[in-house]
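Survey of secondary and tertiary structure
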Amino acid sequence: MNIGRFLLEKKYQLRGETNRTPPYSYTKLCKELVNIKELNSLTLSQHSEEKNINKKRLLIRHDIDHDPWTAEKMAVIESKYNLRATYFVLHTAPYFKKKFKETMEICRNIQSLEHEIGLHNDLITDFFMNNLDPGGNLAELLILFKEEGITISGTASHGSPIIQKLNKTLDINTFIPYTNNLVFSELIEEALVQSPGKRQPPDPKFKNRELNLPCLNMNEFGLKYESYFVHFDHYVSDTSRRFWSTGDDPIATLKKMEKSGTLQCLFHPIWWKYYLS
């Protein structure tokens, strides 16, 4: 057994926490998924465009908060089993700023395996911490990706520490919570529809600065979807290294899911580093 995996499991064993490491390797998970009958594995962009597939849909999503190197290895495993996934790159992460060229090479490799690259949207954090205007920042990011041969069609909102701090100041019974996707006018409208009786939160303030929300339009940037607002019937997540923090085991969920159902699975590569095979 890998020493990192051994120490990790020992730590949580001593704490008496039984759901903090993956219940199987990522290779085993992919092998089990591909054996499920009538399953169509799609990127989020494909899912948003193809409306009439009469099969179970699997949307594998990876938010790359910390570890693009493990993400690349997961992409290879998925490709071996003919599974498709969408990988969201975090533009405020140290790897993006300090190892940009290496990150772009990884993105091209993942994209070449017929997976999709998306933007892990942290525009509100960049505004408050780095004084970057959301519109100019997003436009520049999309140009950077394009120049590196990376196609960006959609986003996934990042639950950054800044967002979490802002939400601690909010009456959650009155307002929809702050999320990075509220920079987009289309998504604020949809979030309000999904939360009847709640109102748009006040414009966020942090470090003596204030951001007017919404301030962008997805269509103007050629963005087709946001991962939290695409259609899905079931959702499984390993957020906070908990298996599973939302939903149930993905294999069991898919096996009992209705034929026309859609499951979105969020797997963070960092949690699977020692569990690839």
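So, here's what we can say about the structure. (Residues numbered from 1 in each chain as written. Predicted model: local features only at pLDDT ≥ 70, side-chain atom pairs only at ≥ 80, totals over all residues. Heavy atoms only, no water.)

Turning our attention to the packing of helix α7 (residues 123-130) against helix α8 (residues 134-147). Two elements in contact, α7 and α8, have axes whose closest approach is 9 Å; the angle formed by their N-to-C orientations is 115°. Regarding α7 and α8, the two cross each other, and that crossing is right-handed. Listed contacts from α8 to Leu123, Asp126 and Phe127 of α7 are Pro134, Asn137, Leu138 and Leu141. (Axes fitted to C-alpha atoms, helices over the stretch in contact; angles between N-to-C directions. Helix = DSSP H or I, 4+ residues; strand = E, 2+ residues; numbered from the N terminus. Left-handed = near helix turned anticlockwise from the far one by under 90°. Contact = heavy atoms within 4.5 Å.)

This part covers the packing of aromatic side chains. Going through the model one piece at a time under the given rule, you end up with 12 aromatic pairs. On the basis of an interplanar angle of 85° and a centroid distance of 5.3 Å, the ring pair of phenylalanine 96 and phenylalanine 100 is categorised as edge-to-face. Neither residue differs from the other here; phenylalanine 96 and phenylalanine 100 are each classed as buried. Considering the side-chain rings of phenylalanine 243 and tryptophan 244, the 5.3 Å spacing of their centres and the 75° angle between planes classify their relative orientation as edge-to-face. Through a chain of ring-to-ring contacts, three or more aromatic side chains come together here, namely Tyr26, Phe243, Trp244, Phe267 and Trp272. Sitting above the plane of the tyrosine 228 ring, arginine 61 keeps its charged end 4.4 Å from the centroid. Taking the ring centre of phenylalanine 127 as reference, the NZ or CZ of arginine 209 above it sits at 4.0 Å. (Phe/Tyr/Trp six-rings, centres within 6.5 Å; stacked < 30°, edge-to-face > 60°. Buried < 20%, exposed > 50% of the residue type's maximum accessible area, 1.4 Å probe, protein only. Lys NZ or Arg CZ within 6 Å of the ring centre and 35° of its normal.)

With that settled, consider the nonpolar core. In this structure, Tyr26 and Trp272 are the most contacted members of the largest nonpolar core, which totals 75 residues. Every residue in contact with tyrosine 26, bar those within four places of it in the chain, is listed here: Ile60, His62, Met74, Ile77, Glu78, Phe267, Trp272, Tyr275 and Leu276. Counting 7 residues, the second largest nonpolar core, distinct from the first, contains Leu44, Leu59, Phe88 and Tyr225. (Core = buried A, V, L, I, M, F, W, Y, C linked by side-chain atoms within 4.5 Å.)

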